[in-house]
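# Chains, contacts and geometry: an overview
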Amino acid sequence: VTKKYENILVELPKPGVGLITLNRPRALNALSTALFVELNDALQNFDNDDSTNAIVLTGSEKAFAAGADIKEMKDLSFSKAYNTNFIASWSSTIPNIRKPIIAAVNGHALGGGCELALMADILYCSSSATFGQPEIKLGIIPGAGGSQRLTALIGKSRAMELILTGKNFSGIEAGQWGVAARVFDSAEDCVQGALETAGKIAGMSKISVRAAKEVVNKSQDTSLREGLDYERKVFHGLFGSQDQKIGMSAFIEKKKPGWSNE
Ligand code: HXC
C-alpha cells in the first residue's frame, strides 16, 4: 500500500491507519488530474488492504489544496470537458471508499480543495485554515460538490453568500458552522488529532466501522423514514457477525475485545 507516487506521499504511521499527504508544494497542492488519479489509487489500495481500518488525508501546513489545477483547466473547451467527463475521477472512487476518511485541513482549502475536504467522513482543521469556493472569481462555479455538500452543511444563505462572492471562511468559522468536527491551534496538532482519532477507529471491528459509515452516509441522501429502516436492517445484520458476540462478551467479562473482523 505504501507505493511511491509523484504527487502524494503514502504512509502507515500507526497500526490500522493509512496516511495520505498531498504533495505538490510548488502548486500549493493544486489538484491536477494526475494527482487525483494517484489519490484514487492510494485510497483504493488502503480500502482493499486488510490491515488498514481508517485513512487520514492531509496536505501541508500552507495548503491542504488550493483548488483544481487552474493551469490544466484554462484552455479546456466545453466539448473536451463534456466528452472526457472532466473531473469525473473526483467522484469515481471517493464515494465508494468504505473505510472512514478523516481530512486534516491546514492552510488553504479552496475551490476543489474545499470540496475534497468536504468529501471526507470527518473533517478536522486548524484555526488558521482558510476555506472557500472562489470559483466565481474565475468565471466558473464549484464543480465537485461545493454547491451541494457545503449548502447542506451550512445552510442556503451562507452558502450563497460564499459561492456568489468567492469570499473565504476561516477554520474557526468552519468549527462554528459544523463544517469541522474539531478545530486545532496548530497544523501539527490537527494532523496528530486526526491520526489519534483514526487510531481509535482502527481499534474497532472493521465490520461495524464499515456499517457505521454506511448508515451515516445513507442519512445524507434519503428520507428519515427510509434511513431509519435501512439503519435497523444493517443493525440486525450485525447480529450475524462474530464481532457482535466478541464485543458484548468482552463487555460482560470486563475484557478488551479481540476482534475477529468476521
Ligand atoms: C494551479 C495554483 C493554484 C491552482 C496556486 N497555484 N493555486 N496552480 N491551480 N488552483 C500555484 C500558483 O500559480 C503559483 O505557481 C504557486 O501555486 C504558489 O501560489 P501563489 O499564488 O504564488 O501563492 P500565494 O501568494 O501564497 O497565494 C496562495 C493562494 C493563491 C491565495 C491560495 O495561490 C490562489 O488564490 N490560488 C487559487 C485559488 C483558487 O482560485 N482555487 C479555485 C480553483 S478552481 P507559480 O508557478 O506562479 O509559482 C477550482 C474548481 C473546482 O478548484 C471545480 C471542481 C473540480
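Our subject in this report is the structure included herewith. Quick caveat: nothing in here was measured; it's all calculated off a predicted structure.

### Description of the overall build of the protein
- The number of helices and strands found in the protein is 12 helices and 10 strands.
- Taking 2.2 N^0.38 as the reference for a compact globule, 262 residues should give roughly 18 Å; the C-alpha atoms of the protein span a radius of gyration of 19 Å, in line with that estimate.
- Projecting the C-alpha coordinates of the protein onto the three principal axes gives extents of approximately 60 × 45 × 40 Å.
- Expressed as a percentage of its 262 residues, the buried residues of the protein come to 37%.
- If you take every contact in the protein between residues at least 6 apart in sequence, the share linking residues at least 24 apart comes to 68%.

### Some details on the pairing of strand β2 (residues 17-22)
- Across the six residues of β2, five count as buried, placing the element largely inside the fold.
- Here five bridges tie strand β1 (residues 8-14) to β2, and the two strands are oriented antiparallel to one another. Of the residues in β2, the one forming a bridge with Glu11 is Leu19.
- The hairpin turn running from β1 into β2, its antiparallel successor, is two residues long, and Gly16 in that turn takes a positive phi close to 80°.
- As paired strands, β2 and strand β3 (residues 54-58) are joined by five bridges and run parallel to one another. Directly across from Gly18, in β3, lies its bridge partner Ile55.

### Quick look at the nonpolar core
- Formed by 62 residues in total, the largest nonpolar core has its most connected members in Val56, Ile102, Ala103, Val105, Ala117 and Tyr124.
- Considering each element in turn, this core owes the most residues, eight residues, to helix α9 (residues 187-202).
- Excluding its chain neighbours within four sequence positions, the residues that come into contact with Val105 are Phe64, Ala117, Leu123, Tyr124, Cys125 and Ala129.

### Topic: the sheet that holds strand β6 (residues 108-110)
- Judged by pairing direction, the sheet is mixed, and its four strands sit side by side in the order β4-β6-β8-β9 without closing on themselves. Both outer strands of the open sheet, β4 (63-65) and β9 (168-170), are each paired with one neighbouring strand and no more. The average angle at which neighbouring strand axes cross in this sheet is 20°, direction not considered.
- Pairing of β4 with β6 involves two bridges; the strand directions are parallel. Bridging from a neighbouring strand, Ala63 pairs with His108 of β6.
- Contacts from helix α5 (residues 112-119) reach β4, β6 and β8 (130-132), with the element oriented near 95° to β6.

### With respect to the site of the ligand
- If you check the shell around the ligand, you find 21 residues, and the closest are Ala30, Ala66, Gly67, Gly111 and Gly143.
- Of all the secondary structure elements, the ones that give two or more residues to the shell around the ligand are α2 (70-73) and β6.

### Topic: unusual backbone geometry
- Residues other than glycine seldom take positive phi values, yet Leu28 does so here, at roughly 50°.
- Note that Leu28 resides in the loop between β2 and α1 (33-48).
- Accessibility expressed as a C-beta count within 10 Å gives 19 for Leu28, which makes it partly exposed.
- Positive phi, normally seen in glycine, also occurs at Lys254, with a value near 55°.
- Residue Lys254 is classed as exposed on the basis of its C-beta count, with 6 C-beta atoms lying within 10 Å.

### What to know about the environment of Gly166
- Locating Gly166 in the fold gives a position in the loop between α7 (156-165) and β9.
- Sequence spacing of Gly166 and Leu153 is 13 residues, and the spatial spacing of their C-alpha atoms is 17 Å.
- Leaving out residues up to four positions away in the same chain, Gly166 has contacts with Gly132, Gln133, Pro134, Ile136 and Lys137.

### What to know about the sheet that holds strand β5 (residues 101-105)
- Across the sheet, which stays open at both edges, the six strands sit in the order β1-β2-β3-β5-β7-β10 with mixed pairing between neighbours. With one partner strand each, in any of the chains shown, β1 and β10 (182-184) form the two edges of the open sheet. Across this sheet, the average inter-strand angle for adjacent strands is 20°, counted without regard to direction.
- Examined bridge by bridge, strand β7 (residues 122-126) and β10 share three bridges and lie parallel to one another. Each residue of the ladder has a partner; that of Cys125, found in β10, is Val183.
- Each of β1, β2 and β3 touches α1; the most contacted strand, β1, lies at about 25° to it.

Reading guide: rules and limits
- Residues numbered from 1 in each chain as written.
- Predicted model: local features only at pLDDT ≥ 70, side-chain atom pairs only at ≥ 80, totals over all residues.
- Helix = DSSP H or I, 4+ residues; strand = E, 2+ residues; numbered from the N terminus.
- Rg over C-alpha atoms; globule rule 2.2 N^0.38 Å.
- Buried ≥ 20, exposed ≤ 12 C-beta atoms within 10 Å, placed from the backbone.
- Contact = placed C-beta atoms within 7 Å.
- Pairing = 2+ DSSP bridges.
- Core = buried A, V, L, I, M, F, W, Y, C linked by C-beta atoms within 7 Å.
- Axes fitted to C-alpha atoms, helices over the stretch in contact; angles between N-to-C directions.
- Near = placed C-beta within 6 Å.

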